[in-house]
Amino acid sequence: MSLPARTWSLLPTRTWSLLPVLVALVLLAGCTSAPDDSAPPRATRWRPGPGTPWQWQLSGRLDTTVDVPVYDIDGFEHPRSTVADLQRRGRKVICYLSTGAWEEFRPDADEFPGDVLGKGNGWEGERWLDIRRTDVLEPLMARRFDMCRDKGFDAIEPDNMDGYSNDTGFPLTADDQLRYNRLIARMAHERGLSVGLKNDLDQIPALVGEFDFAVNEQCAQYAECAALTPFVEAGKAVFHVEYELPTSRFCPQSRRLGLSSMRKRYELDALRRPC
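The name given to the protein chain in an unreviewed UniProt entry is Endo alpha-1,4 polygalactosaminidase, with Streptomyces tirandamycinicus as the source organism.

Structure follows, in structure tokens:
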């Protein structure tokens with residue numbers, strides 16, 4: 001931006017000594033962009049508290065009418081519009097992904113080289129991953145986490161986070177698992193997403209500070225729920241399901257421990273029986 005020529009002739013004599021400053025200010029004003037009021041402010045990462053009710057649905061037509069503040073749904077299967085609809089209803093939405101096992105039915109399945117695929121994990125079409133191979137897995141998981149972020153999810157539930165305690169086909173150690181789980185937590189946080197620790201009870205004392213909540217299956221059936229208390233004591237939710245026990249067998253303990261518990265079917269459809 002420049003001043004009209006006639007303006008220069010009208011400047012008082014004492015102003016000429018200030019011309020370098022005036023010119024600099026004018027140039028600065030012309031080069032500085034106005035703030036973008038339309039850009040959303042940076043949000044604080046979501047941290048659900050103990051006892052927060054939730055719904056976990058990974059199969060069937062999604063029922064968006066369940067009156068709970070948290071939904072956990074499949075990250076690949078649902079578009080951004082579904083996430084936005086749930087959020088308009090006042091829900092926080094968790095993006096379910098498998099980070100420790102390969103699934104043959106995912107759109108990126110062919111990007112996983114054969115030498116990182118181990119034994120089956122008990123579910124059809126799924127195999128454990130060699131979590132030591134972060135050179136391969138980190139960029140693949142980064143793209144998945146980017147997908148969750150770009151769809152507007154609030155958090156990630158990374159599944160199969162305890163391969164070291166299973167027969168994976170690889171000689172995984174507890175240290176291997178800690179390194180990988182910490183990598184997963186860091187990658188989620190770098191994208192502004194909360195992240196939950198799935199199962200992996202034995203490593204909770206080492207990992208509770210790096211995860212924002214926990215997700216657990218069947219701790220009551222196997223008498224393990226007390227191991228989750230570090231999360232509750234840290235003011236973090238423990239989202240818990242049982243598949244086989246009636247609610248009368250686990251809800252009293254769940255309420256005492258501060259867990260967010262419900263009974264579900266193994267297929268994780270819409271049906272829920274909360275405590």
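*Asks:* If you had to explain the environment of S254 to someone new, which residues and values would you point to?
*Replies:* Considering the arrangement of structural elements, one finds S254 in helix α8 (residues 247–257). Note: C-alpha distance between S254 and A220 (34 residues apart in sequence) is 8.5 Å. The contacts of S254, once residues within four sequence positions are left out, are H240, L259, S261 and C275.

*Asks:* Describe the packing of aromatic side chains, naming the residues involved and giving the relevant values.
*Replies:* Applying the stated criterion to the full structure yields five aromatic pairs. Pairing W46 with F213 gives two aromatic rings, centres 6.0 Å apart and planes at 50°, and the pair type is tilted. Here F213 lies in strand β9 (residues 213–217) and W46 lies in the loop between α2 (19–31) and β1 (55–57), a separation of 167 residues in the sequence. For the pair formed by W46 and F213, the shared burial category is buried. Both rings, one in W54 and one in W56, keep their centres 5.5 Å apart while their planes meet at 25°; by these two values the pair is stacked. As far as the burial class goes, W54 and W56 line up, both buried.

*Asks:* Help me get a handle on the pattern of salt bridges, residues and values and all.
*Replies:* By the definition in use, this model includes 28 salt bridges. Taking the shortest distance from any N to any O, the salt bridge between E103 and R106 comes out at 2.9 Å. Here E103 and R106 have matching classes, each one buried. The partner of R132 in a salt bridge is D130, and the shortest N-O contact between them spans 2.8 Å. The exposure class assigned to R132 is partly exposed, which follows from its relative accessible area of 37%. Ionic contacts of the salt-bridge type, sharing partners, join the residues E138, D146, R149, D150, R186, E190 and R191 into one network.

*Asks:* Residues and numbers for the pairing of strand β3 (residues 92–98), please.
*Replies:* The buried fraction of β3 amounts to six of the seven residues, a majority that puts the element mostly inside the structure. Relative to β3, strand β2 (residues 70–74) is paired through five bridges, and the arrangement is parallel. Following the sheet pairing, D74 is matched in β3 by Y96. Where the polypeptide runs from β2 across helix α3 (residues 80–88) and back to β3, its parallel neighbour, the crossover connection is right-handed. Pairing geometry for β3 and strand β7 (residues 155–159), over five bridges, is parallel.

*Asks:* Quick rundown of the environment of R91? Include the residues and the values.
*Replies:* The residue R91 is located in the loop between α3 and β3 in this model. Each residue touching R91, except ones within four places of it in the same chain, is listed here: V66, D67, V68, P69, Y71, L86 and D154. Separated by 3.2 Å, the side chain of R91 and the backbone oxygen of V68 make a polar contact.

*Asks:* Describe the pairing of β2, and please don't skip the residues or the numbers.
*Replies:* The element β2 is largely enclosed, with a buried count of five among its five residues. Relative to β2, β1 runs parallel, the two being bridged by three bridges. Counted as the bridge partner of W56 is D72 from β2.

*Asks:* I'd love a proper account of unusual backbone geometry, names of residues and values included.
*Replies:* The backbone of N199 sits at a positive phi, close to 55°, despite the residue not being glycine. By the secondary structure assignment, N199 is in the loop between β8 (194–198) and α6 (204–207). Of note, the phi angle at Q218 is positive, near 65°, even though the residue is not glycine. Considering the arrangement of structural elements, one finds Q218 in the loop between β9 and α7 (229–233).

*Asks:* Summarise α8; cite the residues concerned and give the values.
*Replies:* Within α8 the residues assigned to the buried category are F250, C251, S254 and L257. Viewed along the axis of α8, the buried residues span an arc of 135°, placing them on a single side of the element. In this structure, α8 carries S248, R255 and R256 as exposed residues pointing more than 90 degrees from its buried face. Looking at the buried side of α8, the elements it contacts are α7, β10 (238–242) and β11 (260–263). G258 sits one or two residues past α8 and shows a positive phi near 85°.

Conventions used here
- Residues numbered from 1 in each chain as written.
- Predicted model: local features only at pLDDT ≥ 70, side-chain atom pairs only at ≥ 80, totals over all residues.
- Heavy atoms only, no water.
- Helix = DSSP H or I, 4+ residues; strand = E, 2+ residues; numbered from the N terminus.
- Contact = heavy atoms within 4.5 Å.
- Phe/Tyr/Trp six-rings, centres within 6.5 Å; stacked < 30°, edge-to-face > 60°.
- Buried < 20%, exposed > 50% of the residue type's maximum accessible area, 1.4 Å probe, protein only.
- Salt bridge = Lys/Arg side-chain N within 4 Å of Asp/Glu carboxyl O.
- Pairing = 2+ DSSP bridges.
- Right-handed = clockwise from strand over helix to strand, strands pointing away.
- Polar contact = N/O pair within 3.5 Å; in protein donor to acceptor, adjacent residues only side chain to side chain.
- Arc of directions from axis to C-beta.

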